[in-house]
Amino acid sequence: MTYKPTPPSLDEIAAALQGYDPKALRADTVNAFLAKLVSPVQASEDVGVFDALDRVLAEDVISPISVPPHDNSAMDGFAFRGSELKAGQSTSLRVVGTAYAGKAYAEPVGAGECVKIMTGAVMPEGLDTVIPVEFTQIEGEVLSFAADVVRQGDNRRCLGEDLMAGQPALRKGDRIGPAALGLIASLGLPGVKVWRKVKVAYFSTGDEILSLGEAPREGAVYDSNRYTVFGLLKRMNVDVLDMGVIADEPKALEAAFRSAAANADAIITSGGVSMGEADYTKAMMKKLGDVAFWRIAMRPGRPMAVGRLEENGRSAALFGLPGNPVAVMVTFLAFVRPALLKLMGSEAPAPVYLKARSAEALRKKPGRTEYQRGVVTREPDGGLTVRITGNQGSGVLRSMVEANGLIVLHHDQGNIVAGGEVDVMMFDGAI
Ligand code: AMP
Ligand code: MG
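Values in this document were obtained by computation on a predicted structure and should not be read as measured data.

Procedures and definitions
Residues numbered from 1 in each chain as written. Chains lettered and ligands numbered in written order. Predicted model: local features only at pLDDT ≥ 70, side-chain atom pairs only at ≥ 80, totals over all residues. Heavy atoms only, no water. Helix = DSSP H or I, 4+ residues; strand = E, 2+ residues; numbered from the N terminus. Rg over C-alpha atoms; globule rule 2.2 N^0.38 Å. Buried < 20%, exposed > 50% of the residue type's maximum accessible area, 1.4 Å probe, protein only. Contact = heavy atoms within 4.5 Å. Areas by Shrake-Rupley, 256 points an atom, 1.4 Å probe, with all protein chains shown as cover. Lys, Arg positive; Asp, Glu negative; His and termini not counted. Charge placed at Lys NZ, Arg CZ, Asp CG, Glu CD. Pairing = 2+ DSSP bridges. Axes fitted to C-alpha atoms, helices over the stretch in contact; angles between N-to-C directions.

### Points about the overall build of the chain
Counting its regular elements, the chain contains eight helices and 26 strands. Radius of gyration (C-alpha) of the chain: 30 Å, far over the 22 Å computed for a compact globule of 431 residues. Projected onto its principal axes, the C-alpha coordinates of the chain cover approximately 95 × 60 × 50 Å. Burial analysis of the chain (431 residues in total) assigns 45% to the buried set. Taking the contacts inside the chain whose residues are at least 6 apart along the sequence as the reference set, 72% of them involve residues at least 24 apart. Counting only carbon and sulfur atoms, one obtains 52% of the accessible surface of the chain, whose full area is about 21200 Å². Side-chain charges in the chain split into 46 positive and 51 negative, and the spacing between the mean points of these groups amounts to 6 Å.

Given below as structure tokens:
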């Protein structure tokens with residue numbers, strides 16, 4: 001029998017955190033809580049190199065070969081013994097042959113001799129230095145170059161310089177990007193072992209939410225959260241289970257939550273978690289799982305529900321996001337994304353924040369974290385400046401479209417003066 005650890009209950013997680021207050025939770029406490037709520041998937045699979053893009057390694061990749069596999073030339077030029085260089089004197093050598101990339105140069109090279117060599121060609125036996133062609137003159141068979149333009153060992157790439165055989169080339173928990181994909185192939189490996197893909201179910205709630213194709217009606221708005229959440233999840237390369245809009249009605253909600261919990265590793269909902277909501281979403285979450293309802297000291301995105309739902313012996317992490325379109329994206333980026341990365345088995349460090357000068361004064365109350373939509377630009381002096389994208393209302397999706405990052409004004413920070421430095425969480429590939 002395999003040992004399956006019992007995950008901690010929400011109360012146990014809360015008890016282990018300093019200053020946990022569900023009615024005024026700090027943003028950093030949310031991250032700490034979610035890191036305890038989710039645990040990495042356990043199953044792995046072998047995939048070919050092309051299919052490994054954006055997957056997470058389930059084991060270290062040990063290099064079976066040294067890269068490069070032999071000493072070779074870094075330049076087009078002439079290979080010779082560096083011991084023949086004399087300080088302050090020009091060098092003359094007789095050219096006895098040509099070494100091409102991909103072919104071994106087998107002839108012996110004597111004293112006072114050199115070999116014309118192409119970039120990437122194996123260094124002929126005994127030769128250790130390359131003089132680039134642009135520094136040389138040729139007269140008949142005799143090559144010459146000026147004093148002190150190269151030192152012994154220059155322009156040679158050594159065996160194993162990138163990687164020695166038996167060394168880890170990539171680490172378990174690394175997310176595989178284009179560079180890692182190329183590295184895997186450079187080792188001659190046809191594929192790698194990755195964690196299985198995570199599956200995330202999502203749906204929007206609310207009676208005022210229209211699906212595309214429905215006729216507009218008084219007081220109703222088209223569902224945008226379904227599409228932003230879809231896009232955010234696709235960028236993470238998770239499998240998605242799109243459940244559309246679920247009516248604010250106990251039967252429909254119960255069926256949706258049960259089906260999501262039975263089929264997915266995580267569930268993301270939007271709407272229906274604010275205080276004073278007259279709908280059934282919160283009641284159904286409470287009925288079906290171990291769920292906490294939070295008021296987070298942040299803007300936008302104050303209300304949020306998190307927990308676990310069990311169905312058919314499976315457990316899914318629940319992220320009940322607020323309804324406002326910007327709040328959905330901000331809470332996803334700040335909280336859900338790091339939690340999903342952990343679920344995916346990623347051990348990548350959190351992305352670093354950029355420092356930029358605020359183009360304008362920003363009003364900020366200490367005691368909550370604010371995420372303002374910003375556009376970072378480079379100034380002529382090389383410094384980075386960030387300006388906010390107009391209306392910062394939590395329903396104004398346009399502000400997210402125009403932004404290239406979120407200005408993060410931390411919990412204890414107060415007003416920012418014009419020109420003051422702020423942290424920016426760049427969207428990079430996340431959006
Ligand atoms: P709620 O969190 O349910 O109180 O919703 C807050 C605001 O977000 C309301 O104005 C909703 O109409 C709006 N909203 C909720 N869900 C969506 C959605 N899926 N797409 C667009 N707007 C939404
Ligand atoms: Mg609502």
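### A few points about the sheet that holds strand 16 (residues 239-246)
The strand order 16-13-17-21-20-18 describes an open sheet built from six strands, whose pairing is mixed. The open sheet terminates on both sides in strands that have one partner only, identified here as strand 16 and strand 18 (289-295). When strand polarity is set aside, the average angle formed by the axes of neighbouring strands in this sheet is 15°. Summarising the sheet, strand 13 (residues 199-205) and strand 17 (residues 266-270) pair through five bridges and their orientation is parallel. From the neighbouring strand, A201 faces strand 17, where its bridge partner is I267.

### As for the sheet that holds strand 5 (residues 91-99)
Taken together, six strands build an open sheet; the order of strands is 7-4-6-5-9-8 and the sheet is mixed. Strands with a single pairing partner mark the edges of an open sheet, and in this sheet they are strand 7 (129-132) and strand 8 (136-139). Here the average twist between neighbouring strands, direction ignored, is 40°.

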